[in-house]
Amino acid sequence: MAKKKSKLKVAQEEAQAAVNKANEKIEELGGLTAALYSELTNIQEAFDAIRNVPSEKKLQYEELKQIRLNWKQQAEKIEKDYKGAAVKNAGAGAAGAGVGVAVVTMGPTVAMGVATTFGVASTGTAISTLSGAAATNAALAWLGGGALAAGGGGMAAGEAFLALAGPIGWAIAGVALLTSGILMWKSLSDKKHIEDVFTLISKRDVTSYDLAIVELNERIARIDDESGKLHDANDEIRTFGLDYNTMSEAQQYALGSYVNLMSSSTQLLVNPILGLLPKYTEADFDDFASQETDENKAKWYSEFKLLIVSLANFLYKIELNERDKKLLWKSLRKNKKMLKSLGVSKKDFGIEIIDAVIEALNYKYTLCEAI
């Protein structure tokens, strides 16, 4: 007779299924964003062929062109960096072996899906609080699994662990952290208590992923719709002739509306999927830490910023009593892989870390309630 699954095991499996579904949607999104990029490139070429376009209109679609090119470069960088990290980690069996992996190998369209999921600003950096290389690392860890994020060797531990502030953090929270921490408890009462905490975390993750999947589906539908509109617009523009000054007023008006269409379509490429961005950001932490007047405490906050931000995402909207807090701290402190990926020693990982995380989160909750 098969052993009945624990509540935690059920919650973990549900979280993993949601992770996998989200990854499938990101892959689907990638194929459609590739098509959208192609349609935008085609309509841009049609505009480029027209003479005497008013400078303000020309400036607008040239700016859109630059945003689109930045997005493409970000996608290419994610693909390149992922492949590089996969090669470095292949010997350790890390690439694709961790949690949250539906896409083990990454091609150009998947990289485009990731670039859209995490967002790209007009400057070419990610919109989320993870900027530049750190944002790419978060995306890589998301696709490469926990092994990359948890010190697999392909990235510097500090930068790689920034990934825990994003979706991979939820996946690790739901799976990898649990098994190594909970099994060490000798007291059945303690073991059940900490399992209940981790069950809540996994259930929260399922809710987060389910909402993100709804958002991904909405983005997919919108991109599909706008690609069709761009295709039709491109066909029509090519019937207008190549001189703006000889076009009818209706045709000139239509061109203006098509620039607006290009603008809204470009935003669909570069705006992130909000449900997959960190719930607690570095900006949130900086705001919290700036209130500290004690110079030594402020210095301590600075030293452990990365760790506190990451754990704040891990514990976002999870209420802990004193017993929960101590058991959780002991579980994390016993997890050697976790500590290594954090670049923190067991000695340095004191209970005050958890206290700071709770304080930082409560500060954000208070601000949110005040708005």
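Structure first, text after, so check above.
Definitions and cut-offs
Residues numbered from 1 in each chain as written. Predicted model: local features only at pLDDT ≥ 70, side-chain atom pairs only at ≥ 80, totals over all residues. Heavy atoms only, no water. Axes fitted to C-alpha atoms, helices over the stretch in contact; angles between N-to-C directions. Helix = DSSP H or I, 4+ residues; strand = E, 2+ residues; numbered from the N terminus. Parallel < 35°, antiparallel > 145°, perpendicular 65-115°, else oblique. Contact = heavy atoms within 4.5 Å. Nonpolar A, V, L, I, M, F, W, Y, C, P; charged D, E, K, R; others polar. Buried < 20%, exposed > 50% of the residue type's maximum accessible area, 1.4 Å probe, protein only.

**Q** Any chance you could explain the packing of helix α12 (residues 295–303) against helix α16 (residues 351–370) here in plain terms?
**A** In a packed pair of helices, the relevant descriptors are the angle between the two axes and the axis-to-axis distance. The interhelical angle for the contact between α12 and α16, taken along N-to-C directions, is 90°, at an axis separation of 12 Å. The angle between α12 and α16 places the two elements in the roughly perpendicular class. For the pair formed by α12 and α16, the contact residues are Lys297, Trp300 and Tyr301 on the first element and Glu352, Ile353, Ala356 and Glu359 on the second. Partitioning the contact of α12 with α16 into residue classes produces four nonpolar, no polar and three charged.

**Q** Before we go on, may I ask you to explain helix α3 (residues 108–118) in this structure?
**A** The periodicity of an α-helix, 3.6 residues per turn, causes residues three or four places apart in sequence to face the same way. A large share of α3 lies buried, amounting to nine of its eleven residues. By the burial criterion, the buried members of α3 are Val110, Ala111, Met112, Gly113, Val114, Ala115, Thr116, Thr117 and Phe118. Among the residues trailing α3, glycine 119 stands out with phi positive, at a value near 85°.

**Q** When you look at unusual backbone geometry in this model, what are you seeing that I'm missing?
**A** A negative phi angle characterises most non-glycine residues, just as the trans form characterises most peptide bonds. The phi torsion at asparagine 52 lies on the positive side, around 65°, for a residue other than glycine. One can find asparagine 52 in the loop between α1 (7–48) and α2 (55–90). Given a relative accessible area of 44%, asparagine 52 falls into the partly exposed group.

**Q** I keep staring at the side chain of threonine 199 and nothing clicks. Help me out?
**A** Inspection of the secondary structure assignment puts threonine 199 in helix α9 (residues 188–237). With a relative accessible area of 8%, threonine 199 lands in the buried category. Sequence-distant contacts of threonine 199, defined by excluding residues within four places in its chain, comprise Lys7, Leu8 and Ala11.

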